[in-house]
Structure formats: C-alpha cells, structure tokens
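Coordinate inspection notes
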Amino acid sequence: MNFGELERINDLDDNRFETSSNSCRIHAGARKDFFCRPDGSPPILNAPGLATRVSEPVFSLSAKVTVGFSAKFDAGALLVRTQAGTWAKLAYEYSQLLTPTIVSVITKDLSDDANGEESDAPSMDLRIYRDHELFAFHWSRDGVTWKLARVFALSTGDSPVSFCFVAQSPTGDGCTATFEDVKTSARRIDDLRSGD
C-alpha cells in the first residue's frame, strides 16, 4: 500500500502527515478526535486520517500501530466508514487510567465506546475484517496470533467502504501515531472468535 496515494482526511494546519510507500506517521493536533458523543452533544470529527476505498465484499486491513502516548485518549486507530454517520474505530488508546488499551467505537449517528485489553507495549497490531455487512475487530501482540475485540454489523449499501488510518488527541496537545507492516487480504476468516 502506497500511503502517499491515499486520501487525506482533515488536512488541517496542526495535523501533519509523513508518508512513504509502506508506512506513515500521522500527527493529530491538539483536541482532535473522531467521536459522536452518545449524549447528543456536538460531535468532534477533526482527527487526521488517510483513507482508501475498498469495493471487495470480503476484505481485511491490518497494521502495526505505534503511538506516542501523552494525554488521556491519545490514540492511533484503524477506522472503517460505510456511509454518512456510520463508522467504526479500533484504537490503541491511552485510557482514562493512562494505560495503553484496546478500544472499540461503533457509530450509527451516535458513538458507543468500549474498553478492552490493557497493555504496556508501545505498539499493537490492529485489524479490521469485512465480510459484506459483517465486521470484526482483532488485535495482536505479534501480528500472528489474533484476538477478537468485537463483532458487529454496519449497513454498507452499494457504495465502496473506506478503510482509514487515524491519529487522535481529544484532551491533549497532540499525538503522533505510526502505521507500518500493513497487510491486506481478501481471504475469508472462518472463525471470527479465534481470528483464523
């Protein structure tokens, strides 16, 4: 995947992108997020990202994500968008306890937010898997053995689906996330629970 060819999201003055043919660094400026608050208050949708459109009905995207954690909710994430107001995010995020954590967010106009596994590692492999309108989030410490974070459905309609690399810093002064060792596949995963 050539990151330099991907579509930039929220290419604002304090968001920055460094891309090469096989890796990228995305810097989110202060108070940048991609979240539609479940209490109905105004959404924050200004986090920077790089997006690629995917038309294959069965598809997965994985990457090793390294995050320069500093403030609460700093994160690097993989995000999938299907249509307006409908998207999902798998993040390696600094939790409210200042612990790197696997976090998943499903948004259908409003976001729901769930914390998963905690870790002390600076990097984590994340994967989004699509099988038509069925999606799964997986994570791995080594990029080989995958664990399930979440299975869910998103309405896709007839439009291509966007898979995105995103950095965020909702409460801090900025956060940089690096994405490398990117892999894509059109192979169907038979057992979503095991990730194989």
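First, a word on scope: everything that follows refers to the structure included in this document. (Residues numbered from 1 in each chain as written. Predicted model: local features only at pLDDT ≥ 70, side-chain atom pairs only at ≥ 80, totals over all residues. Heavy atoms only, no water.)

A short note on the nonpolar core
Condition: In this description, a nonpolar core means a group of buried Ala, Val, Leu, Ile, Met, Phe, Trp, Tyr and Cys residues linked to one another through side-chain atoms lying within 4.5 Å. Each residue gets one of three labels from its accessible area relative to the maximum for its type: buried under 20%, exposed over 50%, partly exposed in between, using a 1.4 Å probe on protein chains only. Here a helix means four or more residues in a row that DSSP labels H or I, a strand means two or more in a row labelled E, and each is numbered from the N terminus.
Grouped together as the largest cluster of nonpolar side chains are 35 residues, with contacts concentrated most on Ile26, Leu50, Val80, Leu126, Phe163, Phe165 and Phe179. Among the elements that take part in this core, strand 7 (residues 58-67) stands out by supplying five residues, more than any other. Of all hydrophobic cores here, the second largest spans 15 residues; its members include Phe35, Ala51, Leu79 and Ala91.

Let's talk about the pairing of strand 15 (residues 161-168)
Heads up, the rule is: Here, any two strands with at least 2 DSSP bridges between them count as paired.
Taking burial as the measure, the eight residues of strand 15 include eight buried ones, the bulk of the element. Neither face of strand 15 is exposed, since Val161, Phe163, Phe165 and Ala167 on one face and Ser162, Cys164, Val166 and Gln168 on the opposite face are all buried. The pairing of strand 6 (residues 49-54) with strand 15 spans six bridges and is antiparallel. Paired with Gly49 across the strands is Val166, a residue of strand 15. Here strand 8 (residues 75-83) runs beside strand 15; their pairing, made up of seven bridges, is antiparallel. Within strand 15, the position partnered with Leu79 by the bridge is Cys164.

Some remarks on the sheet that holds strand 8
Filter applied, for reference: Lines fitted to C-alpha atoms define the axes here, with helix axes fitted over just the stretch in contact, and angles between the N-to-C directions of these axes take values from 0 to 180 degrees.
Reading across the sheet, the seven strands line up as 1-6-15-8-9-10-11 and stay open at both edges, with antiparallel pairing between neighbours. Of all strands in the sheet, those with a lone pairing partner are strand 1 (7-9) and strand 11 (110-118), marking the two edges. Strand after strand, the sheet turns through a mean of 20° between neighbouring axes, direction not considered.

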